[in-house]
Amino acid sequence: ATEWNVSVWGKRRAFTEHVEKLAELVSAKTDGEFTLNISYGGLSKNKENLDGISIGAFEMAQFCAGYHRDKNPSITVLELPFLGVNTLEEEVAVSHAVYDHPAAQKDLARWNAKLLMTSPMPQYNIVGTGDPRDTVADFKDMRVRATGGIGQAFSAVGAVPTSVTATEAYNAMESGVVDTVAFAQHAHLSFGTINRADWWTANLNPGTVNCPVVVNTDAYDALSGAEREALDSSVDEAIAHYLDNYGALLAKWDQVLEEKGVTKVMMSEEELAKFRTTAADPIREQWIKDMEAQGIPGQELYDLVIKTLTDTRAGN
Amino acid sequence: MAGNAAVLEDGSLISRLDRKLLHVEQVLALLSGLAVFSLMLLAVVSVGGRNALNAPLPGYVDWIEQVMPLIAFMGIAFVQRDGGHIRMDIVIGALRGRALWLFELVSILLILLLMLALVWGSWSHFTRSFDFAAPLWSRDSSIDIGLPIWPAKLLAPVAFSVLCLRLVLQAWGYGRAMVLGLENPPAVPMILDAAEQAAAEAEQLVGHEDDDAMSGQG
Amino acid sequence: MEPIEIGLWVTSFLLVLVVVGMRVAFAAGLAGLVGLIWIFWAKFGYSPDKFGKALTVSVKIAGQVPHSKVSSQALSLIPTFILIGYLAYYAGLTRALFEAAKRWIAWLPGGLAVSTVFATAGFAAVSGASVATSAVFARIAIPEMLAIGYNKRFAAGVVAAAGTLASLIPPSAILVIYAIIVEQDVGKLLLAGFIPGAFSAVVYVLLIVGIAMVFKNVGPPVTGFTWRQRFEALPGALPIVFVVVIIICFVYNPFGGDAWGTPTEGGALGAFVVFCMALWRGMRWGEFKSALLETAKLTVMIFTIIWGVLIYVRFLGFADLPGAFSDWITSLEMSPMVILICILLAYAVLGMFMDAIGMLLLTLPVVYPAVMALNGGESVAAADSAFGMSGPMCAIWFGILVVKMAEFCLITPPIGLNCFVVAGVRDDLSVQDVFRGVMPFFIADGVTIALLVAFPAIVLYLPSLAQ
Ligand code: NA
Ligand code: NA
């Protein structure tokens, strides 16, 4: 029997449902010969899951690229602001396209890690207090809790990104340390930021974080043919389960907005375009330059994302 | 449970080495203290900047996380020198002479074993975050403003190595006491009973209270 | 061998190391490392050529823990709180507080003792450590009590007991440690300490007044202060008010409206106020340097235990011992309340022999999940829970209870550290004297703990406002 330890963090939630499903499917397909023990934070701190994979402490782990950009520069392409991803299905498509690219695989191979699947996150739209901000000019001097590339994008239009941890986000909003917080919907719900909100940007779609699930390469190679087949063949089904589950949460989201009387802010296409040219373009160009300097094909990765996005939409 | 103890000093080689190492340890511990002070200043800058200029300190959390290892590790050998890491001394406090030194020696050697392993482990944690080929030599960066983390990670093996030196010195001190059958060996912390320890702690506060009185009505 | 059995063996090994006097931080780290090696070697089938691999993996896992765990914003509150306490000595806050309390309330029966309790409670609002608080007040308050004919055992008992207030009333290092270990909101826990801390103080005061009324010679009242004298004593104690207001307002704004910031900022700004006060009072580099060194020593001592224990906790994660323990606890055929009381009693016994921080750090990783499971789980709603409170509220309530237990242990024989410190400060008092004097306060603490268990609202009122 093969037993794998899987390191994720927090509590069981929408964000970990595909891992839970994967464990269920793999065990069923191998009659319990191959099992995944999922540990919520017992084996590692979330920012050190890649280290744990590299050491061989556990065989599978989840992490987010933005937690440590220098550990995984190639896949941070998926966290660039304003990529134009609108749905979770599109997020899955672009993520898996990048994961299949040799540059990303080489990047993760330094950690003895093999990219297995993504944990698609919706766009980090912001909730805020006071009057809705629906023009780029309104973002000036706005204190926003946003990290990484999204933080840089807001900074480019004159907003002030402010450092607070996710757990302090509610407190920070309540105390006026920040005016707005950028999170995915499930996080707005679980960290309670929605309870302080007067409005939510429905179509700003500034970007998101990218959180892959990886496996230890040695452990993967040591699997028997049947076990590997069971694992590989379960990925799509696990992702489908994740999407269903998150879809239900998104449906609930609209209901919550209504109950709490939160305004859905729709920005005009003109304002969005303004935001993109001020914020997204320079950040992307800088990113590509930095990557190429390190010998990572930045332009190629970015083009891959855009092409995949176009293809996915054409396919629908 | 007891922490503080006294370290005897004399003219022997081991005692002279003890004091040399103590100088290094004190400098490192003061660095720890100054780092605590810098936390305070960081908060003042952050809150002040936010409220007065709408310009909060960028990466406030990242900076705190960088300062914390400085606070947590640098004084570790200094505390070990005085026997300041807490322990339960009901059993060991009842021992006398060679039996006591034997227990202390074994305990120190076990700690040394652990710390050598941790120097190795924390060094390897550092090397995973360090790469001469990468920009800023960084293979691991902070979440918000992307500070390289390797300098903070390097502090652990450095401080632990100094602790290992201190442990070698203490092992030597206890071993020597055991072989020579010394009553009051130099360079190792002596167990004080709880009352003596309390007196020592109180004495340390006398200074504070005198300052207190001196500074007026207080 | 199953990981859980390895977990039990290694835990026994750890207890032996601690009992024979190995420094707790390193005993925990060593036990954790040995446990990890064992688990991985077992996983590799105990083959001799795989021992090296098990060793390497385990050492690398353990080697991550120190940096990984101390780099935390929440933990930065601990050194800040300790620094506030040391700076407060230099700012002359202790004597100022006692003087003010004396002029305002010493007219009560047992007046000076009552003043001592109030002044200590006030000082607790800038000091995070109980032992230091007792030491300071032993020097200030005991001489004055003896001068007007107090029973010396009683005077010593008052100071030893009142010192324990420092860890409940925020800032409190030990509450921060609890919050870190159980991964709960630090701000809410600090807030939760206020009322139980003040409540403990009030119970002490009632006890003192009662004793002084029954035994006329125990503590005569002190009268004759004019209103002018009373008001003159206030400015010296003012920084305390600043610090309390800052810390409260940065966690939760009681005046209605928004809080002012985060707990981390509140703690650091509180330290800054006391620092300015100390400078103004004439603190120079020499004194500042020793405040920094003392802060560093205490902080490093605490942090070393934290990461040492967390190496052991990481091993527990691989062995899944906490999971097994809470399964066992919840399978017991006893009411959850009886089990909880047994757990608290176990802490009382353990606390007789162990230091508070070491005790909490060593036990919580296993005990806390069990208590949460007992209540019905981390995210249980109040209506479905065993103790009638939601998961997060149960975490806060249990935290205050164990911290109060740990404080109780500072005054119980045979190793009640506060009592030793008070005896150490006063040449004319033996440890036995202090233990006899502190005896009545056992009853007070027993009553307080029983009430906190019976009426959780005392603990949960403030944090529930900050929801
Ligand atoms: Na306190
Ligand atoms: Na005790």
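Being a predicted model, the structure only gives us computed values, none of them experimental. (Residues numbered from 1 in each chain as written. Chains lettered and ligands numbered in written order. Predicted model: local features only at pLDDT ≥ 70, side-chain atom pairs only at ≥ 80, totals over all residues. Heavy atoms only, no water.)

Draft legend 1. Up close: the overall build of chain B. Per the secondary structure count, chain B includes six helices and two strands. Starting at the N terminus and walking to the C terminus, you meet the elements of chain B as β-α-α-α-α-α-β-α. In chain B, buried positions account for 58% of the 218 residues. Long-range pairs, those at least 24 residues apart, make up 74% of the contacts in chain B with a sequence separation of at least 6. (Helix = DSSP H or I, 4+ residues; strand = E, 2+ residues; numbered from the N terminus. Buried < 20%, exposed > 50% of the residue type's maximum accessible area, 1.4 Å probe, protein only. Contact = heavy atoms within 4.5 Å.)

Draft legend 2. Here's a closer look at the coordination of the sodium ion (ligand 2). Residue and element names in this part refer to chain C. Listed as protein donors to the sodium ion (ligand 2) are Cys409 (O), Thr412 (O) and Thr412 (OG1); their distances from the metal cover 2.3 to 3.1 Å. Among the residues examined, Cys409 registers a relative accessible area of 4% and is labelled buried. Thr412 gets classed as buried once you look at its relative accessible area, which sits at 5%. (Donors = N, O, S within 2.8 Å, 3.2 Å for Na, K, Ca; no water.)

Draft legend 3. Up close: the sheet that holds strand 10 (residues 212–216) of chain A. Residue and element names in this part refer to chain A. The strand order across the open sheet formed by five strands is 2-1-3-10-4, and the pairing between neighbours is mixed. Lying at the two open borders of the sheet, with one neighbouring strand each, are strand 2 (34–40) and strand 4 (113–118). Averaged over all neighbouring strand pairs, the angle between strand axes comes to 25°, with direction disregarded. For strand 3 (residues 60–62) and strand 10, the ladder comprises three bridges, and the chain directions are antiparallel. If you follow Ala61 over to strand 10, its bridge partner there is Val214. (Pairing = 2+ DSSP bridges. Axes fitted to C-alpha atoms, helices over the stretch in contact; angles between N-to-C directions.)

Draft legend 4. Focus on the confidence of the model for chain A. Per-chain confidence: chain A averages 92 in pLDDT, with 99% of residues scoring 70 or above. Ranking the elements of chain A by mean pLDDT puts helix 6 (residues 169–174) of chain A last, at 78, and strand 10 of chain A first, at 98. (pLDDT = per-residue confidence, 0-100.)

Draft legend 5. Molecular detail of the interface of chain B and chain A. Taken together, the 19 residues of chain B in the interface contact 26 residues of chain A. A per-residue breakdown of the area chain B buries against chain A is headed by Arg128(B), Arg139(B) and Ile143(B), which together make up 35% of the total. In this assembly, chain B and chain A are joined by three salt bridges. Residue Lys47(A) pairs with Glu65(B) through a salt bridge whose shortest N-O separation is 3.5 Å. Run the count over chain B and chain A and you get nine residue pairs in polar contact (both at pLDDT 80 or more). For the side of chain B that touches chain A, the secondary structure elements donating two or more residues are helix 2 (60–73) and helix 4 (97–128) of chain B. Element by element, the count of residues in the side of chain B that touches chain A is highest for helix 2 of chain B, at three residues. Here the side of chain B that touches chain A is built from residues that sort into six nonpolar, seven polar and six charged. (Buried area = accessible area lost by both parts, 1.4 Å probe. Salt bridge = Lys/Arg side-chain N within 4 Å of Asp/Glu carboxyl O. Polar contact = N/O pair within 3.5 Å; in protein donor to acceptor, adjacent residues only side chain to side chain. Nonpolar A, V, L, I, M, F, W, Y, C, P; charged D, E, K, R; others polar.)

Draft legend 6. Representation of the interface of chain B and chain C. Contacts between the two partners involve 76 residues from chain B, matched on the other side by 84 residues from chain C. Of the roughly 7100 Å² buried between chain B and chain C on both sides combined, carbon and sulfur atoms contribute 73%. Across the chain B-chain C interface, the total number found is two salt bridges. We note a salt bridge from Arg50(B) to Glu265(C), for which the minimum N-O separation is 2.8 Å. Linking chain B to chain C there are four residue pairs in polar contact (both at pLDDT 80 or more). The greatest single-element share of the side of chain B that touches chain C, amounting to 15 residues, is contributed by helix 1 (residues 13–53) of chain B.

Draft legend 7. Summary view of the packing of aromatic side chains. Taken as a whole and assessed by the stated rule, the structure comprises 41 aromatic pairs over all chains. Centre to centre, the rings of Phe130(B) and Trp150(B) are 5.0 Å apart; their planes meet at 80°, and the pair counts as edge-to-face. With Phe130(B) in the loop between helix 4 and helix 5 (150–180) and Trp150(B) in helix 5, the pair connects residues that are 20 residues apart, well separated along the chain. For Trp150(B), a relative accessible area of 17% translates into the label buried. Here Trp227(C) and Phe231(C) contribute two aromatic rings whose centre-to-centre distance is 6.3 Å and whose plane-to-plane angle is 35°, an arrangement assigned as tilted. Of this pair, Trp227(C) and Phe231(C) are both found in helix 11 (residues 227–232), four residues apart, which corresponds to roughly one turn of the helix. What makes Phe231(C) partly exposed here is its relative accessible area of 48%. Through pairs of rings, three or more aromatic residues link up here, namely Trp123(B), Phe126(B), Phe130(B), Phe132(B), Trp137(B) and Trp150(B). Looking at Lys114(A), its charged tip hangs above the ring of Tyr220(A), at a distance of 4.8 Å from the centre. Positioned above the aromatic ring of Phe44(C), the side-chain terminus of Lys50(C) is 6.0 Å from the ring centre. (Phe/Tyr/Trp six-rings, centres within 6.5 Å; stacked < 30°, edge-to-face > 60°. Lys NZ or Arg CZ within 6 Å of the ring centre and 35° of its normal.)

Draft legend 8. Region of the structure containing the sheet that holds strand 11 (residues 263–265) of chain A. Residues and elements named next belong to chain A. Pairing is mixed across the open sheet formed by six strands, whose spatial order is 7-6-8-5-9-11. At either margin of the open sheet sits one strand with a lone partner, and together these are strand 7 (160–161) and strand 11. In this structure, strand 6 (residues 143–145) lies alongside strand 8 (residues 180–182), joined through two bridges in parallel fashion. Pairing of Arg145 across the sheet is with Val181, part of strand 8.

Draft legend 9. Spotlight on the state of the cysteines. Residues and elements named next belong to chain A. What the rule picks out here adds up to one disulfide over all chains. A sulfur-sulfur separation of 2.0 Å characterises the disulfide bridge that pairs Cys64 with Cys211. Negative torsions about the S-S bond denote left-handed disulfides, and the value of about 95° found for Cys64 with Cys211 makes this one right-handed. Of this pair, Cys64 sits in the loop between strand 3 and helix 3 (88–99) while Cys211 sits in the loop between strand 9 (199–201) and strand 10, placing them 147 residues apart in sequence. (Disulfide = S-S within 2.5 Å.)

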